[in-house]
Amino acid sequence: EDLSAIQLVLNDTSVKYNSCAQLRETLEQEASESEFEKNRLLSMCELHDELLNRYESLSKGDVPPVNVSARTEFQVEKKMVSSKSKMDKISNIITGLALKYDQYENIFDRMNLLASADIIKYDP
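None of the values given here were measured: they were computed from a predicted structure. (Residues numbered from 1 in each chain as written. Predicted model: local features only at pLDDT ≥ 70, side-chain atom pairs only at ≥ 80, totals over all residues. Heavy atoms only, no water.)

Details of the overall build of the chain
Keep this limit in mind: Secondary structure elements follow DSSP: runs of H or I no shorter than four residues count as helices, runs of E no shorter than two count as strands, and numbering proceeds from the N terminus. Atoms considered for the radius of gyration are the C-alpha atoms alone. The globule rule reads 2.2 Å times the number of residues to the power 0.38. Each residue's exposure class comes from its accessible area (1.4 Å probe, protein chains only) as a fraction of the maximum for that residue type: buried when under 20%, exposed when over 50%, partly exposed otherwise. Pairs of residues are marked as contacts when any of their non-hydrogen atoms sit within 4.5 Å. Residues scored as charged are limited to Lys and Arg (positive) and Asp and Glu (negative), so that His and the chain ends carry no count. Charge positions are represented by NZ for Lys, CZ for Arg, CG for Asp and CD for Glu.
When helices and strands are tallied, the chain shows three helices and zero strands. Its helices and strands in sequence order give the chain the pattern α-α-α, from N to C terminus. Radius of gyration (C-alpha) of the chain: 26 Å, far over the 14 Å computed for a compact globule of 124 residues. Its C-alpha atoms give the chain principal-axis dimensions of about 95 × 35 × 15 Å. Buried residues in the chain amount to 8% of all 124 residues. Counting contacts in the chain only where the partners sit at least 6 residues apart, residues at least 24 apart contribute 68% of the total. Taken together, the 15 basic and 22 acidic charged side chains of the chain have centroids lying 12 Å from each other.

Following this line, the structure appears as structure tokens:
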């Protein structure tokens, strides 16, 4: 009788432990996703601030005017199209990996989000 009672308590405790472990795992994943999103948004804010500073400098006349020829515009456009094409290829590879390794799907989704970002940091 005592052994039966101990087994019931042990069973109950095991069920509670497993439930807590599953909850912990879920919470850790949510925290990780929130941290990633926070960092992504902070990075975007930094890029927007940098762009705003550049526009303000341009507006104040602190930046010398740039003479751009049609050829230069074409070269810039060509590089942008090429870069976009490369990012699309990377995104396709990431999607393929996500389909192949579904246990890492959320990680690949995050990577794809970064690869598909429309903001490109300009570093002269």
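Next comes the rest of the write-up.
A few points about helix α1 (residues 2-60)
Rule in force here: In a helix, the anticipated span is given by 1.5 Å times the number of residues less one.
Look at α1: 85 Å from first C-alpha to last across 59 residues, which is about the 87 Å you get at 1.5 Å a residue. Buried residues of α1: Phe-36, Arg-40 and Leu-47, and no others. On the buried face of α1, the contacting elements are α3 (105-115).

Digging into the packing of helix α2 (residues 70-100) against α3
To keep things clear, this is the line we draw: Between the N-to-C directions of two axes lies an angle of 0 to 180 degrees, each axis being a line fitted to C-alpha atoms and, for a helix, fitted only over the stretch in contact. Roughly parallel means an angle under 35 degrees; roughly antiparallel, over 145; roughly perpendicular, 65 to 115; everything else is oblique. Nonpolar residues are Ala, Val, Leu, Ile, Met, Phe, Trp, Tyr, Cys and Pro. Charged residues are Asp, Glu, Lys and Arg, and all others, Gly as well, are polar.
In contact at an axis separation of 9 Å, α2 and α3 are set at 170° when each is read in the N-to-C sense. When the axes of α2 and α3 are compared, the pair comes out roughly antiparallel. Here Met-87, Ile-90, Ser-91, Ile-94, Thr-95, Leu-97 and Ala-98 of α2 come into contact with α3, specifically with Phe-108, Met-111, Asn-112 and Ala-115. Classifying every residue of the contact of α2 with α3 by side-chain character gives eight nonpolar, three polar and no charged.

So, the side chain of Asn-112
You can see Asn-112 is positioned in helix α3. For Asn-112, the residues in contact, after removing those within four places along its chain, are Ser-91, Ile-94 and Thr-95.

Considerations on the packing of α1 against α3
Here α1 crosses α3 at 5°, and the two axes come no closer than 12 Å. Relative to α3, the element α1 lies roughly parallel. Each of Gln-29, Ser-32, Glu-33, Phe-36, Glu-37 and Arg-40 in α1 lies in contact with α3, whose residues at this interface are Asn-106, Arg-110, Leu-113 and Leu-114. Classifying every residue of the contact of α1 with α3 gives three nonpolar, three polar and four charged.

Quick word on the confidence of the model for the chain
Stated formally: As a per-residue quantity, pLDDT reports the predictor's confidence and falls between 0 and 100.
Within the chain, residue pLDDT values average 85, and 94% of them lie at 70 or more. When mean pLDDT is taken per element in the chain, α1 scores highest with 92 and α3 scores lowest with 82. Under a pLDDT of 50 for its full length, residues 119-124 has, in the predicted model, eight contacts with residues more than four places off or in other chains.

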